[in-house]
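Structural description and commentary
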Amino acid sequence: MNTTKISYKKPLLETPFHERTSEHCYSNDWYRWAGYKVAKEYSSTELEYTSMRNTAGVIDITPMHKYDIKGEDAKNFINKLITKDISNIQSNQVAYGIWCNEDGMVIDDGTIFCFNENHFRIFCAERNLNWFSDTGTGFNVTIEDISSSIAALAFQGPLSCKILNLLQVKNIENLKPFHFDSYKIEHHNVIISRTGFSGDLGYEIWCDPSQAIDVWDNLFKFNRDYKVLAAGMNALDMVRIEAGFIQPNADFMSAEQALRPNRMRNPYELGLGWLVNLDKEYFTGKQALIRHKEKGPEKKLVGLDVEGDKPAVGSVLYDNSKKNIAKEIGIVTAAMWSPVLKSNIAIGFVNKEYYKLGSNVYAEIYHPEELDYRKIWAECKVVKKQFFNNPRRNAIPAFI
Amino acid sequence: MVIQRDIKKTMNKAKYDVAIIGGGHNGLTTACYLAKAGLKVVVVERHDYVGGAAVSRELHPGWTYSNCSYVCSLLRPEIFRDLELSKHGLQIIPYEGSASMLDDGRFYAHYQDHDLTYRSIAQFSKKDAEAYDRFGKDVMRQCKIIKPLLKLTPPDPTSFKPKDIMGLFEFAKYFAAKDELGGLGEKEIYDTIRFWTMSVRDYLEEYFESDIVKVHLAGSAIIGTALGPYSPGSAYVLLHHYMGEVDGTVGAWGYSRGGMGSITKAMASSFKSKNGEIKAGSPVTKILIKNNKSYGLVLENGDEIYADKIVSNLDVKRTFLKVVEEKELPSDFYRAVKNFKIRGSSGKLNIALDDLPVWKSIPIGDPAGTGDLHITQNIEEMEGAYDDWKDGKWSQFPYVDMCIPSINDPTMAPQGKHYMSVFIQYVPYNLADGGWTEEKRKEFGKHVMERIGNYSTNFKDIINHAEIRTPKELEAEVGLTEGNIFQGELTMDQLMFNRPVPGYAQYKTPIKNLYMCGSSTHPGGGVMGAPGANAAREILKDLNKKMSTHYI
Ligand SMILES: Cc1cc2nc3c(=O)[nH]c(=O)nc-3n(C[C@H](O)[C@H](O)[C@H](O)COP(=O)(O)OP(=O)(O)OC[C@H]3O[C@@H](n4cnc5c(N)ncnc54)[C@H](O)[C@@H]3O)c2cc1C
């Protein structure tokens, strides 16, 4: 339990890895995540990104929210909460799910770890204690925010399994994607799941805060041969865009947080219809989701392959190659030059007429150039959001 | 014959386009806009200083007291800009935090920093810490709905839609649809109706589990009202206190540098720069009316002032029961004014301190101690304070909203010394046991100071001077009937097109050429300026004068 006394002099908390992250964080450029300081960039975003695509990168994800769901109704509770059916989930399995409000608008997404029928753990980006508690009324469950009692690292990249293997983490190569188990790193008991945001081979390591520094140090033990880097939030954002993972309050407004009702989005609009199971018995938002599905989304979040090499950050999307007659039909929510794909990629909302794969839309890009803006009218092709999906991500056994 | 000729002479000499009775911030706002439009305007103020309930006064040598109102949020930024108040010396200093001190030695705090606030609330309840964001979002949404309504002259419901309460929401829905919220769904309209009619206790109960969170937030809902936290309609008062802003941060409060009088000083200066004239030290005793048309004012010294349009900044009761003769008024209007609810419920202490108070719970230097401070423990205690008021007693455990502006504002007290403003809820206008006396006033002040003293290690020893004010003093000094700080209760039956009385919500009165611009009119009390600016707009419309400013 985190019992740090609050002081106005230290508005932000330090994670159990802070001793190390602050050493590595050459730029001293911190990002606020759920009240914690995490590194935006350690020394070079480009190199940190590269480590996740070439060797392995370590990201402090301790601030992630963690909720323990316990009790005989734990599974029923989860099935009411999320839109997909987890009736057949097995122990040690991880489910990816989203939850919606009664209007079928997405609140958040998260990974759901099944320890057993009566014990689940949800990891998510936003705070959800109120929503879970509201959902939990009438169920025999306890819902506990255990966020500060677990330290967490994402260990992502093609050599991540190899290094864990070198660390004598037994049988780690046979851990299947979206599964987790208990392991030992040195003498420390940890939970390792084969999950992550990178769209590549990767793991998430969950441990007691008291072991955090030791676990961290172990991951860098083989750096003479295989260079592992601490990676910051900027690098994480790059890999998650390449992998096509969307983020609440970046790509869409969480329905719990949107001030303007018309900014809320349903799963079909986010391209997450595959996570909705309308055959399931009653769950929150079901009625509305039936209507949303019938109607079809008015706009949809899609991948965009953008002409040229200037990232379309914050660009408005148009329908015509001729600027003077073009009409607004969407907006870019995330954009970057992808080093691994050598492509200019983006994620954005486009209106109904344009969300078919292969459609053409146009982005107006304001590219800053030596105190001036170059305005670029770039053609974009609508593509799948998942730009990067390396086969090693799901290979079993994993590459060692 | 000779006398009549004399009157004619004066009439020709001192004739104004507009004469405004009262130099409160609303009267001055109206005056500024009208002078800006090129009219010849005079403001006639009873005291030899302007400001009404927004004044700074040196009542103890070396100390400046924000004598009545003490913090600023509601003042519309467009008015600030139009009247060039910055150029005329006004500056607002944002709050850094606020706190409630608990009997068990802990304190509950809000800070500018969102994460710090989260952790502060989480000490009491993690759920509530999260719910605070939910609450904030919902209140913000309601503020966004209300914002365009503030600037609006309420439509006449008889020529509008149904006369009952629903008309109001038709109204809200219509305007909210135009707003950036992109139109409201049915759900949001229901939320609005609930918010405007519920008790604050019930409203907060839907979000929070912890007593201290609830009571800290409930304070805004009872300030200045004759409602308790369990009274239906009190949630609206909370909203009323949240709809202001400091530099775009909705709901934020700040100190006016130099005290609240800096606001009205700047307005007066802005007014004079547009050739406006202020006649201070001139109580108005009567509005001159002939054939149902007003044409002038009579001052206490017998002087008369003539003007085409007369505007009253006084509350609606004072205007129509004191300075307009009953015979001039339609009897239904007269009755409605008599029935207007304007109950006094607040007191105020202004205290000169020789040192900074040391609190038992809040550490020195903690920003939580620099904004509004409270010592109420739970909603029941607050309701109990209200019960005392109903019984005609001052509250045994009053809700206090205190602050020490001199921590952030270097102009309020001598170096090393401090000024403390203490707003007290509840204090009755009439005491049940025989009315107010000088002795009881002092006893009341002592009672409040003792209570505050219990939460500090040095407070009792550093009091240099204290000014103690009950609703009686507020009435006597500012002219607020019964000492009601909003110039009339902010309840549904007295808001929007019902404010101040049905049929007369458009700043006009049954008397031709006589207008109202004070807080008794829409959108109500607080140092907001909106009633004054709205009234100016109506007057200009009647004069066929066009004006284009940020507000109008
Ligand atoms: C104790 C107290 C604390 C408050 N705290 C706050 C706060 O912190 N923040 C906030 O926003 N609001 C606060 N308010 C409310 C706010 O101050 C008032 O609602 C607002 O100032 C009223 O402004 P007004 O211009 O409508 O009227 P007033 O300020 O009432 O102005 C009326 C003017 O008319 C003058 N007058 C009266 N009779 C005559 C006459 N016969 N002839 C000539 N002149 C006359 C008066 O002297 C006065 O100048 C507080 C009010 C009080 C009393």
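None of these values were measured; they are calculated from a predicted model. (Residues numbered from 1 in each chain as written. Chains lettered and ligands numbered in written order. Predicted model: local features only at pLDDT ≥ 70, side-chain atom pairs only at ≥ 80, totals over all residues. Heavy atoms only, no water.)

1. Details of the packing of aromatic side chains
According to the stated counting rule, one finds 37 aromatic pairs over all chains in the structure shown. Ring geometry for Phe17 of chain A versus Trp216 of chain A: centroids 5.8 Å apart, planes at 40 degrees, classification tilted. With a gap of 199 residues between them, Phe17 of chain A in the loop between strand E1 (13-14) and helix H1 (18-24) and Trp216 of chain A in helix H6 (residues 212-219) connect regions that are remote in the sequence. With respect to burial, Phe17 of chain A and Trp216 of chain A carry one shared label: buried. With a centroid separation of 6.3 Å and an interplanar angle of 20 degrees, the aromatic rings of Tyr132 of chain B and Phe135 of chain B are classed as stacked. Highlighted residues: Tyr132 of chain B and Phe135 of chain B, both in helix H5 (residues 126-150), separated by three residues, approximately one helical turn. In this structure Phe135 of chain B comes out as buried when scored by relative accessible area, which is 1%. (Phe/Tyr/Trp six-rings, centres within 6.5 Å; stacked < 30°, edge-to-face > 60°. Helix = DSSP H or I, 4+ residues; strand = E, 2+ residues; numbered from the N terminus. Buried < 20%, exposed > 50% of the residue type's maximum accessible area, 1.4 Å probe, protein only.)

2. With respect to the sheet that holds strand E12 (residues 188-193) of chain A
All names here are of chain A. The six strands lie next to each other as E11-E12-E13-E10-E4-E14, forming an open sheet whose pairing is mixed. The sheet is open, and its two edges are formed by strand E11 (180-185) and strand E14 (228-230), each paired on a single side. Sheet twist, expressed as the average angle between the axes of neighbouring strands with direction ignored, equals 30 degrees. Pairing between strand E4 (residues 56-60) and strand E10 (residues 151-156): four bridges, direction antiparallel. Each bridged residue has a counterpart across the sheet, and for Val58 the counterpart in E10 is Phe155. With respect to the sheet, H6 is in contact with E4, E10, E11, E12, strand E13 (202-207) and E14, its orientation differing from that of E10 by roughly 10 degrees. (Pairing = 2+ DSSP bridges. Axes fitted to C-alpha atoms, helices over the stretch in contact; angles between N-to-C directions. Contact = heavy atoms within 4.5 Å.)

3. Digging into the interface of chain B and chain A
On the side of chain A, 32 residues touch chain B, which itself brings 27 residues to the contact. Buried surface at the junction of chain B and chain A, summed over both partners, amounts to about 2,600 Å²; 47% is from carbon and sulfur atoms. Of all residues in chain B, Arg119, Glu130 and Arg134 of chain B bury the most surface against chain A, accounting for 27% of the area lost on that side. On inspection of chain B and its partner chain A, the count reaches four salt bridges. Measuring nitrogen to oxygen at the nearest pair gives 2.9 Å for the salt bridge that ties Asp115 of chain B to Arg32 of chain A. The tally of links between chain B and chain A comes to 18 residue pairs in polar contact (both at pLDDT 80 or more). Elements represented by at least two residues in the side of chain B that touches chain A include exactly helix H4 (114-122), H5 and helix H7 (186-197) of chain B. When residues in the side of chain B that touches chain A are grouped by element, the largest group, nine residues, is from H5 of chain B. In terms of residue class, the side of chain B that touches chain A is made up of nine nonpolar, four polar and 14 charged. (Buried area = accessible area lost by both parts, 1.4 Å probe. Salt bridge = Lys/Arg side-chain N within 4 Å of Asp/Glu carboxyl O. Polar contact = N/O pair within 3.5 Å; in protein donor to acceptor, adjacent residues only side chain to side chain. Nonpolar A, V, L, I, M, F, W, Y, C, P; charged D, E, K, R; others polar.)

4. Quick look at the nonpolar core
Tyr33, Val41, Phe135, Val139 and Trp196 of chain B are the most contacted members of the largest nonpolar core, which totals 103 residues. With eight residues, H5 of chain B is the largest single contributor of residues to this core. With near-sequence residues (within four places) excluded, Val41 of chain B lies in contact with Tyr16, Val18, Ile20, Ala31, Leu34, Ala35, Phe271, Gly276 and Glu277 of chain B. Counting residues in each nonpolar core, the second largest holds 45 residues, with Tyr49, Val94, Val106 and Val276 of chain A among its members. (Core = buried A, V, L, I, M, F, W, Y, C linked by side-chain atoms within 4.5 Å.)

5. Comments concerning the sheet that holds strand E18 (residues 343-351) of chain A
Residue and element names in this part refer to chain A. Ordered by their spatial adjacency, six strands build a closed barrel running E15-E18-E17-E16-E19-E20, and the pairing between neighbours is antiparallel. On average, each strand axis in the sheet is tilted by 40 degrees relative to the strand beside it, whichever way the strands run. By the bridge criterion, eight bridges tie strand E15 (residues 299-306) to E18 in an arrangement that is antiparallel. The residue bridging Val302 from the neighbouring strand is Gly348, located in E18. Docked against the sheet, helix H7 (residues 233-243) engages strand E17 (328-338) and E18, running at close to 120 degrees with respect to E17.

6. As for the site of the ligand
Residue and element names in this part refer to chain B. Around the ligand there are 34 residues in total, and Asn26, Glu45, Ala53, Val71 and Ser519 lie nearest to it. A distance of 2.8 Å separates an oxygen atom of the ligand from a polar atom in the backbone of Ala53. Note that an oxygen atom of the ligand is positioned 3.1 Å from one of the side-chain N or O atoms of Asn313. Surface burial for the ligand is 96%, taken as the share of its 1,000 Å² of free accessible area covered by protein chains. Classifying every residue of the shell around the ligand gives 16 nonpolar, 15 polar and three charged. (Near = heavy atom within 4 Å. Areas by Shrake-Rupley, 256 points an atom, 1.4 Å probe, with all protein chains shown as cover.)

That's the geometry; what it means functionally is another story.
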